[in-house]
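Survey of secondary and tertiary structure
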Amino acid sequence: MNETEDIQLLRALRLGDATAFQSLYRRHRSGLYSFALLHSGAPEVAADVVQEVFMGLLSDSYGFDPLKGMLANFLYGVARNLVLSHARQNSRWVQPAGGDDEDDGLAQIVDTAAEPLARLLDDEAVEHLRRALAGLAPHYRDVVILFELHEKSYQEIAQICQLEIGTVRSRLSRGRAALAQALAPYRAHAKDIA
Amino acid sequence: MNMFDFEDNHYNGNGRAPEWEAARSALAQSAPPDHVEQALLRAFAKRHAPRPWYRRWDIDAVASWAGIGALGCVLAIVGMSLLPAAPPSVRVVRVLAAADVGFVSIVSPERMAAAVNPQLKQADLPRSALVQMGIPIVADAPDELVHAELMVAATGEPLAIRLAVN
């Protein structure tokens, strides 16, 4: 994504250019949607999150400052907060009380509302990944998704999640380990078949 | 080699697990439903709808334009005061020239100079006649008589006039 083009489009949309707003939306909708989709496991939640992200952008209620970082990462940060907020409201999972270093990375209550996503992602490997992610604690899940799916750097993830880089590194390590643990039966099964 | 058989935590040569590669390709073209974009564009259009003219003025804009207007007035007044005064009209010059003696010439200077033995005559003249002679006098009552002194040539031609001071 070209950050300069993003800023130009943002300036134009603030001046009332609907085409610029549409272009900006189309540049970022897929990434934000897939992030929210994999994080929440629910397409309707992901769609709501994307809509809310851009509603905030067009009303300028987030006060985005181009000097403080890239627009794309800023939007991911907003989407992350919205997904977490939505999950809290719906009590799909319980945040581990002990913080980063005291749990095994698995959420205590697993997302159970992801059937539409299972239908959407008609792929066995992806379905297993989705199930494994759903069992991951959210604060590991967002770091892992941003790193693995969106190929964000530690620095970018730290900016998006408002974390120290060391925390990002720690969460990513634990999240990947927990994910590998959750995927182990599937991988063993796949290996047997092969 | 099986796609899931990797030596280090099942991650491939790019450091990505195959499940992530599958997810990436599955989600590459994913996008929110069209109604999301439509709702956003409606909200955008509503937010940026043209406002009626009387709502386009906020207090800052009004204050700015009022300040600009006031400054313009001041500059216009200053500019006008710096302009040289326009030359007085012939009529005014004639009155001012005669101010010392109080006479207003009603003939050309050549005829005035050529006049021999002019005499002073007293007369009561209507205001309308004085106005016709070019005397700066209010003609709101044209028939009212005004006492005047006339300088008359030997031929009887009136040369200059002076209104009597009450």
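Look a little higher up for the structure.
What comes next is a walk through the structure. As a convention, each chain's residues are numbered from 1 in the sequence order in which they are written. Numbering of ligands from 1 and lettering of chains from A proceed in the order in which they are written. Side-chain atom pairs in this predicted model are given and counted only at pLDDT of 80 or more, local residue features only at pLDDT of at least 70, and totals for whole chains, interfaces and linings cover all residues. Hydrogens and water molecules were not included; the side-chain quantities draw on all heavy atoms of the structure.

This paragraph deals with the nonpolar core. Definition used in this section: a nonpolar core is a set of buried Ala, Val, Leu, Ile, Met, Phe, Trp, Tyr and Cys residues joined via side-chain atoms within 4.5 Å. Whether a residue is buried, partly exposed or exposed follows from its accessible area with a 1.4 Å probe, protein chains only, as a fraction of its type maximum: under 20%, in between, or over 50%, in that order. With 66 residues, the main nonpolar core has Leu 32, Val 49, Val 53, Phe 54, Leu 133 and Leu 179 of chain A together with Trp 20 of chain B as its most contacted residues. Elements are defined by DSSP. Helices are runs of H or I of four residues or more, strands are runs of E of two residues or more, and each kind is numbered from the N terminus. A per-element tally of this core places helix 2 (residues 18–40) of chain A first, with 10 residues. If sequence neighbours within four positions are ignored, Val 49 of chain A has contacts with Ala 36, Ala 79, Leu 82 and Val 83 of chain A. Among the nonpolar cores identified, the runner-up in size contains 11 residues, and Ala 123, Leu 125, Ile 135 and Ile 161 of chain B belong to it. The contact criterion used throughout is that any non-hydrogen atoms of two residues lie within 4.5 Å.

This part takes up the interface of chain A and chain B. Across the contact, 42 residues belong to chain A and 31 residues belong to chain B. We define buried area as the total accessible area lost by two parts upon association, computed with a 1.4 Å probe and summed across both. Contact with chain B buries surface across chain A, with Leu 58, Glu 148 and Arg 187 of chain A losing the most and accounting together for 19% of the total. The salt bridge definition used is simple: a Lys or Arg side-chain nitrogen within 4 Å of an Asp or Glu carboxyl oxygen. The tally of links between chain A and chain B comes to 2 salt bridges. For the salt bridge of Arg 26 of chain A with Glu 37 of chain B, the shortest nitrogen-to-oxygen distance reads 2.6 Å. Throughout this description, a polar contact denotes any pair of N or O atoms lying within 3.5 Å of each other; where both atoms belong to protein, one of them has to be capable of donating a hydrogen while the other can accept it, and for residues adjacent in sequence the pair is counted only when both atoms sit in side chains. At the boundary of chain A with chain B, the tally comes to 9 residue pairs in polar contact (both at pLDDT 80 or more). Breaking the side of chain A that touches chain B down by element, the ones donating at least two residues are helix 1 (3–14), helix 2, helix 3 (43–59), helix 6 (124–134), helix 7 (138–148) and helix 9 (165–193) of chain A. Ranked by residues supplied to the side of chain A that touches chain B, first place goes to helix 2 of chain A with 11 residues. Looking at the side of chain A that touches chain B residue by residue, the classes come out as 26 nonpolar, 6 polar and 10 charged. In this classification, Asp, Glu, Lys and Arg are treated as charged, Ala, Val, Leu, Ile, Met, Phe, Trp, Tyr, Cys and Pro as nonpolar, and every other residue, Gly included, as polar.

Before going further, it helps to spend a moment on the pairing of strand 3 (residues 145–152) of chain B. All names here are of chain B. Two strands pair under a simple rule: DSSP has to find at least two bridges between them. Alignment of strand 2 (residues 119–126) against strand 3, held across 8 bridges, turns out to be antiparallel. Bridged to Gln 119 within strand 3 is Val 152. One ladder, built from 5 bridges, connects strand 3 with strand 4 (residues 158–163); its direction is antiparallel. Paired with Ala 148 across the two strands is Leu 163, which belongs to strand 4.

We now examine the side chain of Glu 149 of chain B. All names here are of chain B. Structurally, the position occupied by Glu 149 is in strand 3. Judged by relative accessible area, Glu 149 falls into the buried class, the value being 16%. At 3.1 Å, the side chain of Glu 149 forms a polar contact with the side chain of Gln 122. Polar contacts involving the side chain of Glu 149 include one to the side chain of Arg 162, which spans 2.6 Å. Filtering out sequence-adjacent residues up to four positions away, Glu 149 remains in contact with Phe 103, Leu 120, Lys 121, Gln 122, Ala 160, Ile 161 and Arg 162.

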